[in-house]
Amino acid sequence: MKRESQYRVSRRGVLRAGAGVLLAAALPPLPARSAPPDGYRIAAAPARAPLAGPDRPETDVWTYNGTVPGSLVRLRRGEPTRLLIENRLAQETTVHWHGIRLPNAMDGVPGLTQPPIRPGESFVYEFTPPDAGTFWYHPHANSLEQLGRGLAGALIVEEREPIAVDRDLLWFLADWRLTEEGGIAPRFGNRMEAAMSGRVGNTVTLNGGGSEAESFRAGERVRLRLVNASLARVMGLRFEGHRPVIVVVDGQPCDPHEPEAGRVLLGPAMRVDIVLDLEGEPGRRYDLVDDFYDGLSYRLTQLVYDERPPMREHASDAPRELPRNPLPEPDMASAERHTLTLQGGMMSMGGISSMGGMMGGGGMMGGMHGMMGMGGGPVWAINGMSMAGDGHAGMKPALTFQRGRSVVLVLRNETAWWHPMHFHGHSLRVLSRNGKSVPHRQWQDTVLMAPKDVVEVAFVADNPGDWMLHCHVVDHQMSGMMTVLRVA
Ligand code: C2O
Ligand code: CU
């Protein structure tokens, strides 16, 4: 299937899958395939896709180059790249290269970093990715609807020396709200939903299709790149009978470790790369379950073993640790410290009155009338300020950092809801959660906050410009959980 071969990431897999031959991990890697010499050309345009499976009607979607997920972009670390985006939608758009530490002008936030790309026009993004890893791209204009209708794709920056695995696979997960007739449910931006968990859908796809089973050979070791491209759905993935090992979070290698309680937690916009040893029995099937929401667990897919005998007797003992990306280490002794408090939403109205008249200053928002969540005002705030929509000119930064400074941010979630908080332009070292230090030397661009969580992160403010910081539950972003950090 076209979709499958596009998303089989490793060159070895692509070359050999047809012949049914799996190579031993000891073989030297083939030379990496680089981006097309003149760069990528990507059209944002309407199309149709078999989201609900082959025997259900196709869905009208918006896509990058006609497929869901959009064209897979593969880049090489340290090599300049050029991506031409053509807008064939009937509305303005932009592209945000989520997680890439790139120059501010290439960040894709309309008004703030570039003018929106009008229908029929195009825009060239040019940058040199400094980090290898698993990233993704999506619009930053009318985000709730554009992402919700399918505009999203994976972006892989290749390592120069990848870890030895038999196959390198991408699982691009997305959540859709489909109608009976197979269409995308209209009415984006329901205010009640925005004040709660956001637009959680009813259909989860894996690489754009019904979650069909993936087939494996016993003994195989695979790298699975998991991307959660959902608008709002948090996922907690359990691999029945298997022990996934997390090796990369948000594109940044960490110390290899098993997930807490055996469950891979994946908030919207997060990526986790796992190494999975297929230690099950030939001919058997193992469920892969998402049980994040109480009482709403479902089978995402199955690991299906073919009948062949194990390809190795004991699990591979090749190292799983990847070389680190060149991230600057924050200097804790001199770091400045700031607190960002997340406020609002249903069930925490008490926190709102204290925000008083500080809301919506600087022309960021229309008037704040009465309580949050009532009328047309914002529902969420950060430090008492609500920026809503997709980002635009005139946003006053919540904080300004001198370039090169080390910064510790204390993120306090005073709300009753989960928030994956995304920082543009930087990766952040996660120091502690609720007073307990976070092990495995993890860096993230999207930090998932449970209700009432307090998380400390640190980074060097080395990338100049105005950068968005927002919740990646897109309804939350649109309704106020967003701000700007300036590095000057
Ligand atoms: Cu992935 Cu501001 O977004
Ligand atoms: Cu949120």
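Parameters at a glance
Here, residues in each chain are numbered from 1, in the same order as that chain's written sequence. For this description, chains carry letters from A and ligands carry numbers from 1, given in the order in which they are written. For this predicted model, a pLDDT threshold of at least 70 governs which residues receive local features, and a threshold of 80 or more governs which side-chain atom pairs are given and counted, while totals over whole chains, interfaces and linings are taken from all residues. The basis for the side-chain values is all heavy atoms of the structure; hydrogens and waters are excluded. Strands are labelled as partners when DSSP assigns at least two bridges between them. Numbering goes from the N terminus for both helices and strands, where a helix is a DSSP run of H or I of at least four residues and a strand is a run of E of at least two. Axis lines are fitted through C-alpha atoms, for helices just across the contact stretch, and the angle between N-to-C directions can take any value from 0 to 180 degrees. A residue's pLDDT is simply how confident the predictor is in it, with values from 0 to 100. Contact criterion: two residues are considered in contact whenever any of their non-hydrogen atoms come within 4.5 Å of each other. Polar contact criterion, stated in full: a pair of N or O atoms within 3.5 Å, where within protein one must be able to donate a hydrogen and the other to accept it, and residues adjacent in sequence count only if both atoms are side-chain atoms. Donor atoms: N, O and S within 2.8 Å of the metal, or within 3.2 Å for Na, K and Ca. Because water is excluded, sites can look incomplete. Only protein chains enter the accessibility calculation, which uses a 1.4 Å probe; a residue whose area is less than 20% of its type maximum is buried, one above 50% is exposed, and one in between is partly exposed. Only centres within 6.5 Å qualify two rings of Phe, Tyr or Trp (six-membered ring in Trp) as a pair; their planes then separate them into stacked at under 30 degrees, edge-to-face at over 60, and tilted for everything else. We call a charge positioned above a ring when the Lys NZ or Arg CZ atom is no farther than 6 Å from the ring centre and deviates by at most 35 degrees from the ring normal. Take a side-chain nitrogen of Lys or Arg and a carboxyl oxygen of Asp or Glu: if they are within 4 Å of each other, that pair is a salt bridge.

### Digging into the sheet that holds strand 11 (residues 214-216)
Now for step 1: Spatially, the 5 strands line up as an open sheet ordered 11-19-18-13-16, and their pairing is mixed. At either margin of the open sheet sits one strand with a lone partner, and together these are strand 11 and strand 16 (263-266). Taken over all neighbouring pairs, the strand axes of this sheet differ in orientation by 25 degrees on average, direction set aside.
Now for step 2: In terms of strand pairing, strand 18 (residues 285-290) meets strand 19 (residues 298-305) through 6 bridges, oriented antiparallel. Its bridge partner being in strand 19, Arg285 is matched across the sheet by Val304.

### Thoughts on the confidence of the model for the chain
Now for step 1: Of the residues in the chain, 86% reach a pLDDT of 70 or more, and the chain-wide mean stands at 87.
Now for step 2: In this model residues 1-32 is a low-confidence stretch, pLDDT under 50, and it forms 67 contacts with partners more than four residues away in sequence or in other chains.
Now for step 3: Throughout residues 349-374 the model reports pLDDT below 50, and contacts reaching past four residues in sequence, or to other chains, amount to 44 contacts.

### Details of the side chain of Gln444
Now for step 1: Locating Gln444 in the fold gives a position in strand 27 (residues 443-444).
Now for step 2: If we skip the residues at most four places from it in the chain, Gln444 touches Val249, Asp250, Met270, Ser427, Leu428 and Val430.

### Digging into the environment of Asp166
Now for step 1: Here Asp166 lies in the loop between strand 8 (153-158) and strand 9 (167-176).
Now for step 2: Separated by 111 residues in sequence, Asp166 and Asp277 have C-alpha atoms that sit 9.9 Å apart.
Now for step 3: A polar side-chain atom of Asp166 sits 2.7 Å from the main-chain amide nitrogen of Arg221.
Now for step 4: A distance of 2.9 Å separates the side chain of Asp166 from the side chain of Arg312, its partner in a polar contact.

### Topic: the sheet that holds strand 10 (residues 203-206)
Now for step 1: A sheet is described by the order of its strands in space; here 6 strands give the open sequence 10-9-12-17-14-15, paired in mixed fashion. In this open sheet, the two edge strands, each paired with only one partner strand, are strand 10 and strand 15 (252-257). On average, each strand axis in the sheet is tilted by 25 degrees relative to the strand beside it, whichever way the strands run.
Now for step 2: By the bridge criterion, 4 bridges tie strand 14 (residues 245-249) to strand 17 (residues 271-277) in an arrangement that is antiparallel. If you follow Val245 over to strand 17, its bridge partner there is Val275.

### Observations concerning the coordination of the copper ion (ligand 2)
Now for step 1: Distances from the copper ion (ligand 2) to its protein donors, namely His419 (ND1), Cys471 (SG) and His476 (ND1), fall within the range 2.0 to 2.1 Å.
Now for step 2: If you list the donors of the copper ion (ligand 2) from N- to C-terminus, the spacing comes out as H-x51-C-x4-H. Comparing Cys471 with His476, the two get one shared label, buried.

### Remarks on the side chain of Thr59
Now for step 1: If you trace the backbone, Thr59 turns up in strand 2 (residues 59-64).
Now for step 2: With relative accessibility at 0%, the residue Thr59 sits in the buried group.
Now for step 3: There is a polar contact of 2.7 Å between the side chain of Thr59 and the backbone oxygen of Gly182.
Now for step 4: Not counting residues up to four positions away in its chain, the partners in contact with Thr59 are Ala47, Arg48, Ala49, Leu51, Leu178, Gly182, Gly183 and Ile184.

### Regarding the environment of Thr301
Now for step 1: Structurally, the position occupied by Thr301 is in strand 19.
Now for step 2: Among the residues examined, Thr301 registers a relative accessible area of 2% and is labelled buried.

### Quick word on the packing of aromatic side chains
Now for step 1: Taken as a whole and judged by the stated rule, the model has 10 aromatic pairs.
Now for step 2: The structure contains a cluster of three or more aromatic residues connected by ring pairs, namely Tyr64, Trp97, Phe123, Tyr125, Phe127 and Tyr137.
Now for step 3: The aromatic ring of Trp62 is capped on one face by Arg149, whose charged end is 5.3 Å from the ring centroid.
Now for step 4: Sitting above the plane of the Phe188 ring, Arg199 keeps its charged end 3.8 Å from the centroid.

### Section: the pattern of salt bridges
Charged atoms that come close allow side chains of opposite charge to pair.
Now for step 1: Counting across every chain of the model gives 36 salt bridges.
Now for step 2: Taking the shortest distance from any N to any O, the salt bridge between Arg225 and Asp168 comes out at 2.9 Å. Taken as a pair, Arg225 in strand 12 (residues 221-228) and Asp168 in strand 9 lie far apart in primary sequence, 57 residues in all. The pair formed by Arg225 and Asp168 is uniform in burial state, with each residue classed as buried.

### Some words on the pairing of strand 29 (residues 454-460)
Now for step 1: Of all 7 residues making up strand 29, 6 are buried, and the element is well covered by its neighbours.
Now for step 2: Strand direction decides the pairing type here: strand 23 (residues 406-413) and strand 29, joined by 7 bridges, are antiparallel. Counted as the bridge partner of Val410 is Glu456 from strand 29.
Now for step 3: One ladder, built from 4 bridges, connects strand 25 (residues 428-433) with strand 29; its direction is antiparallel. Residue pairing in the sheet places Val430 in a bridge with Val457 of strand 29.

### Notes on the pairing of strand 20 (residues 336-344)
Side-chain direction in a regular strand flips from residue to residue, so the side chains alternate between the two faces of the sheet.
Now for step 1: Note that strand 20 and strand 23 share 7 bridges and pair parallel. Looking at the pairing, Arg337 lines up with Val408 of strand 23.
Now for step 2: Examined bridge by bridge, strand 20 and strand 21 (residues 380-382) share 3 bridges and lie antiparallel to one another. Each residue of the ladder has a partner; that of Leu342, found in strand 21, is Ile382.

### Description of unusual backbone geometry
Now for step 1: Look at the link from Val68 to Pro69: it is a cis peptide, with omega at -10 degrees.
Now for step 2: For Pro69, the position within the fold is in the loop between strand 2 and strand 3 (70-76).
Now for step 3: Despite not being glycine, Asn65 has its phi angle at roughly 65 degrees, a positive value.
Now for step 4: Note on placement: Asn65 falls in the loop between strand 2 and strand 3.
Now for step 5: The class of Asn65 is partly exposed, set by a relative accessible area of 34%.
Now for step 6: At Asp250, a residue that is not glycine, the phi angle is positive and equals roughly 50 degrees.
Now for step 7: Its location among the elements puts Asp250 in the loop between strand 14 and strand 15.

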